[in-house]
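Descriptive structure summary
The lines below spell out each chain.
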Amino acid sequence: MALSLDREAYYRRVRRLYAQWQKGEEEYGDVDGIVVSVGVDEEIVYAKSTALQTWLFGYELTDTIMVFCEDKILFMASKKKVEFLKQLANSKGGDSIPALTLLVREKNESNKGNFEKMVEALKGSKGGKRIGIFSKDKFPGEFMKSWSDCLSKEGFEKVDISAVVAYTIAVKEDGELNLMRKAAAITSEVFNKFFKERVMEIVDADEKVRHSKLAESVEKAIEEKKYLSGADPSTVEMCYPPIIQSGGNYNLKFSVVSDKNHMHFGAITCAMGIRYKSYCSNLVRTLMVDPPQDMQDNYTFLLQLQDEMLKEMQHGVKLCDVYAAIMDVVKKQKPELLSKITKNLGFAMGIEFREGSLVINSKNQHRLKKGMVFSINLGFSDLTNKEGKKPEERTYALFIGDTVLVDEEGPATILTAVKKKVKNVGIFLKNEDEDEEEEEKDEAEDLLGRSSRAALLTERTRNELTAEEKRRAHQQELAAQLNEEARRRLTEQKGEQQIQKARKSNVSYKNPSLMPKEPHIREMKIYIDKKYETVIMPVFGIATPFHIATIKNISMSVEGDYTYLRINFYCPGSALGRNEGNIFPNPEATFVKEITYRASNMKTPGEQTVPALNLQNAFRIIKEVQKRYKTREAEEKEKEGIVKQDSLVINLNRSNPKLKDLYIRPNIAQKRMQGSLEAHVNGFRFTSVRGDKVDILYNNIKHAVFQPCDGEMIIVLHFHLKNAIMFGKKRHTDVQFYTEVGEITTDLGKHQHMHDRDDLYAEQMEREMRHKLKTAFKNFIEKVEALTKEELEFEVPFRDLGFNGAPYRSTCLLQPTSSALVNCTEWPPFVVTLDEVELIHFERVQFHLKNFDMVIVYKDYSKKVTMINAIPVASLDPIKEWLNSCDLKYTEGVQSLNWTKIMKTIVDDPEGFFEQGGWSFLEPEGEGSDAEMAESESENEDETFNPSEEEYEEEEEDSDEDYSSEAEESDYSKESLGSEEESGKDWDELEEEARKADRESRYEEEEEQSRSLSRKRKGPAHRSSRSHGRSPGRRAVPPKKKRK
């Protein structure tokens, strides 16, 4: 397949090169011609000569000489390469580009003739004395040597133009930027999905792995497609071997190699860069295992410096000024770190990994330009860990770096979207290790002190607290804090009083001249003025206007020959709507409560219509006007309290994060519509296929939840907002965007077979679809988090901690996230912010019930409590464990409480409530009462399952005279084994007694069967008289003592 060449790109770039040369700035002004010669050297990865070739042609051409003169361009290459370059010679590039001459290199000859042509061209270009070359690029080989000798013989003065050419090609075009974005995305993917996971595995398994081995495994990982974001592995290569350092030996440069020491679990720095289609990217992160607070503080400061640096990197700013700004921040905030910071803070990057002339240091005077891409790298080395005991723990380094793009306005954009906050790069193990050590210690002590079984048991019970006891201890601490904080909060709020809402005063006409002059009014008929929403009625012969808002309702009835129209008005004492104010602006005025009009249904001679027609029309029109007025009022009410949002700042860049084919809930119109969600500078915009727009600003999002499609039929992005927004004429605090995964309905009529190929294929397709959607959503989320610099973070629900419950009418799966309890798949959604919760109370927690209810009380006591009903009892313990881990107080009780009254009592007298113990009234009365209750319940269970035994025991309890020590022994032998009476008995005697007791119970059962008829008759009486003496049907049974 013949290689194609992008001619447009070549002409565009050559034109740019000549434009810069003609300007004559810096070294460009000193040269009459430019010579670029590339030989063959496998060792050279980055060279300015090859970079220029790649920039112009998209490929590296070995053994090729390029000569750029004022009025002509000459390329000398092998026959094959000349054929490839003929694509450029065939078409004209325009007036600003000189004509191209191609010379074929002869393999066996000295190429003297071609050399002479090129030298002649150079001599004829401008002054013909000084030529621009890349002095660092020295290629071996006979061909290169003979060309170099030829130039030296002619006596040309050589000028190094590496820096000016680098500055020319440093500004990237859109096509180049797309390649660099892709390279950065692959680097991020390899780091997140391979390197970070591998380090976690090593730390978890406590493996011993050498830095060099780990670096090799990263290089192998880029051969696997799953880490390459869909790129072809043949187009991907490492910019340099990955550099992994830990254990006190750190060198924060990109020229070092990973050593053969084992990885130490402390600060682990990793630098890696991936090159995609010749364009480079770079990423540096430090993973910290159990970092002490001092290390975390230094790392946070490093992140702060990087943010500051991104703000400084704007179009037109000098590189030395960026460096100086960062140094100023260090001097002001942590001057002790000034000597520890890296000597330069980054460099320009593109086809070459490191552009030596565009380094961010104290001397570089070059200015940043829009479209330049930099690798920014900040680090502190030789830091001392005060908590370190071993030599490798005492010294550590911190190093972070990203690939960033300089924009025209605003801070630079990060292309390597890998999270780097402490919580994302910290691996915390200390707590688990300590617990394990304690457990081991306890077990060791138990084993050492094993003098007897009893001693072991006491040791175990003393040292090993159950999960319930640990929770109870933590809950007691929380209870004290809760009451204290609540009291303080309510005392502060005491001054704020609720303002009662007065009913809006509606005036029909401000002066009499505005009254309509209609014949209906003169004829004393009812007239409806639609413009002013007023009904004009005759009252005592005077036309009186009443605004539509004063009318409560109207009714019309026909009785005999007459039609009656009854109009009821709002007045003090009448019940208003639930949400309307009950205070009238002028309650002392005289109010009309109702008016009834009567008109005849009989047509009078000479009249065209019946008189009642006026009442019928009035009834119809009043209803219409009333409906229109109420709709408008409802809309205004919806808008009440809506906080005005900032306007969305649209980013015109086409590379905005975008998700297509999504549905929105709640619907904008009657039918649901698809649309696309796009992230802009300060918020999201959803655009439906019909053109409707819904804007959600980042600063208005309280919770952003991503619900994956694992075990669900939809995949959801849910936004719970701080302030409601209006769309579809209603206000909404919850907005979600979702797409369906697979079929929600299944055709049951279709014959199904386990090995049906169609079904297997459909399942396979659905699995692929789920994976594809999940990947698309995750990529969108990562891009948005990078765009907002992680100010907006998406939470993913923990499905393992989920439990079923009914917050509304139907049961759904409620799942905790890191800061909320949510259900996003059912509608309406359920979102409770954990920070707003005061305490949780479990109601109806009883042994014989399968479900219980959960009441969520908020810190804002005026807010109605939230109820979640019908939670399975099996979920109680996991819920308690989760709440305890979130430091939330919970209580439980057996009955349901009237929460409206409880909350009203607290709000009315908060001081009194807390003086009486506050929320402690929800606590159970004590462990003793619980134990008694449990015993009584277990007795009840026994009674249910074993009626004969129950009645027998009952008889013994109730008859004092028949109660003997022997009977006590036989029936309660287990309980009284250690009592004083039996202290002298041995095992044989006790066994004999047990046998006698068994015989007696069998004799009793026979007696029972013979009297079953009489017991059936007297059954109800027995059951009701348990505590009032023996049952009558039992008197014939002799007491145990006599039978013995």
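Here the residue index of a chain counts from 1 through its sequence in written order. Local features in a predicted model are, by the rule used here, given only for residues with pLDDT of at least 70; side-chain atom pairs are given and counted only at 80 or more, and totals for whole chains, interfaces and linings are based on all residues. Think of the side-chain values as coming from all heavy atoms in the structure, minus any hydrogens and water.

Quick look at the overall build of the protein
- Every helix listed is a DSSP run of H or I at least four residues long, and every strand listed is a run of E at least two residues long, numbered separately from the N terminus. Helix and strand counts for the protein stand at 27 helices and 39 strands.
- Exposure categories follow from relative accessible area, calculated using a 1.4 Å probe and restricted to protein chains: below 20% of the type maximum is buried, above 50% is exposed, and the middle band is partly exposed. Across the 1044 residues in the protein, those meeting the buried criterion constitute 43%.
- Pairs at least 24 apart in sequence give 65% of the contacts found in the protein among residues at least 6 apart.
- Just so you have it, the protein exposes about 59,200 Å², and 48% of that area is on carbon and sulfur atoms. We call two residues in contact whenever any of their non-hydrogen atoms come within 4.5 Å of each other. Where accessible areas are quoted, they stem from the Shrake-Rupley method and a 1.4 Å probe; at the residue level, only the protein chains shown are allowed to cover.

A closer look at a negative patch on the surface
- What goes into a patch is any residue over 30% in relative accessible area without a salt bridge, connected to like charges within 9 Å or, for nonpolar side chains (Val, Leu, Ile, Met, Phe, Trp, Tyr), within 5 Å. Salt bridges are counted wherever a side-chain nitrogen of Lys or Arg sits within 4 Å of a carboxyl oxygen of Asp or Glu. By the counting rule applied here, Lys and Arg register as positive and Asp and Glu as negative, while His and the ends of each chain are not counted. A single reference atom marks each charge: NZ on Lys, CZ on Arg, CG on Asp, CD on Glu. A cluster of like negative charges, contributed by Asp986, Asp988, Glu989 and Glu991, occupies part of the molecular surface.
- Counting through the fold element by element, Glu989 comes out in helix H25 (residues 987-1010).
- On the basis of relative accessible area, Glu989 is assigned to the partly exposed category, the value being 41%.

Thoughts on the environment of Ile65
- Looking at where Ile65 falls in the secondary structure, it is placed in strand E2 (residues 64-68).
- Ile65 sits 40 residues away from Arg105 along the chain, and the two C-alpha atoms are 9.7 Å apart.
- Residues within four places of Ile65 in sequence aside, it is in contact with Val36, Ser37, Leu74, Phe75, Met76, Phe115, Met118, Phe143, Met144 and Trp147.

Some thoughts on unusual backbone geometry
- Going from Arg665 to Pro666, the amide bond is cis rather than trans, its omega being -5°.
- Turning to its location among the elements, Pro666 is positioned in the loop between strand E24 (658-665) and strand E25 (674-679).
- If you check the backbone angles, Ser278 has positive phi at about 75° while not being a glycine.
- Mapped onto the secondary structure, Ser278 falls in the loop between strand E10 (274-276) and strand E11 (283-289).
- For Ser278, a relative accessible area of 25% translates into the label partly exposed.
- In this structure, Ala870 is a non-glycine residue whose phi angle is positive, near 55°.

Describing the side chain of Thr866
- Tracing the sequence through the fold places Thr866 in strand E38 (residues 866-872).
- In the analysis that follows, any N or O atom pair within 3.5 Å is treated as a polar contact, provided that within protein one partner can donate a hydrogen and the other can accept it, and provided that, for residues neighboring in sequence, both atoms belong to side chains. A polar atom in the side chain of Thr866 sits 2.6 Å from the side chain of Tyr858.
- Apart from the residues within four sequence positions on either side, Thr866 is in contact with Phe830, Met854, Val855, Ile856 and Tyr858.

Looking at the environment of Asp909
- As for its placement among the helices and strands, Asp909 is situated in the loop between helix H20 (899-908) and helix H21 (910-915).
- As a C-alpha pair, Asp909 and Leu490 span 419 residues in sequence and 9.9 Å in three-dimensional space.

Quick look at the sheet that holds strand E36 (residues 837-843)
- Across the sheet, which stays open at both edges, the four strands sit in the order E38-E37-E36-E39 with mixed pairing between neighbours. Edge positions in the sheet fall to E38 and strand E39 (889-892), since each of these pairs with one other strand and no more. Taking each pair of neighbouring strands and ignoring which way they run, the sheet shows an average axis angle of 20°.
- Two strands pair if DSSP finds at least two bridges between them. As judged from the six bridges shared by E36 and strand E37 (residues 851-858), these two strands associate in the antiparallel manner. Only the contacting stretch of a helix is used when fitting its axis, a line to C-alpha atoms as for every element, and angles between N-to-C directions run 0 to 180 degrees.

What to know about the packing of helix H4 (residues 112-123) against helix H5 (residues 142-154)
- Packing of H4 against H5 brings their axes to within 11 Å, and their N-to-C directions diverge by 40°. When the interaxial angle is binned, H4 and H5 end up oblique. Between H4 and H5 lies a crossing of right-handed hand. In contact with Phe115, Met118, Val119, Leu122 and Lys123 of H4, H5 contributes Phe143, Ser146, Trp147, Cys150, Leu151 and Glu154.
- Note that Gly is not counted as nonpolar here; it falls among the polar residues with everything else outside the nonpolar set of Ala, Val, Leu, Ile, Met, Phe, Trp, Tyr, Cys and Pro and the charged set of Asp, Glu, Lys and Arg. Residue composition of the contact of H4 with H5, by class: eight nonpolar, one polar and two charged. Throughout this description, any angle smaller than 35 degrees is read as roughly parallel, any larger than 145 degrees as roughly antiparallel, any in the 65 to 115 degree range as roughly perpendicular, and the remainder as oblique. The sense of a crossing depends on the near helix, which, turned anticlockwise from the far helix by less than a right angle, makes the crossing left-handed and, turned clockwise, makes it right-handed.

Quick look at the packing of aromatic side chains
- Centres within 6.5 Å are what make two rings of Phe, Tyr or Trp a pair, Trp counting through its six-membered ring; a difference in plane orientation under 30 degrees is then read as stacked, over 60 as edge-to-face, and the rest as tilted. A full pass over the atoms with the stated rule returns 37 aromatic pairs.
- It is Arg598 that lies over the ring of Tyr562; its NZ or CZ is 4.0 Å from the centre.
- Lysine NZ or arginine CZ positioned within 6 Å of the ring centre and within 35 degrees of the ring normal marks a charge as sitting over the ring. Over the ring of Tyr738 we find Arg665, and its NZ or CZ is 4.7 Å from the ring centre.

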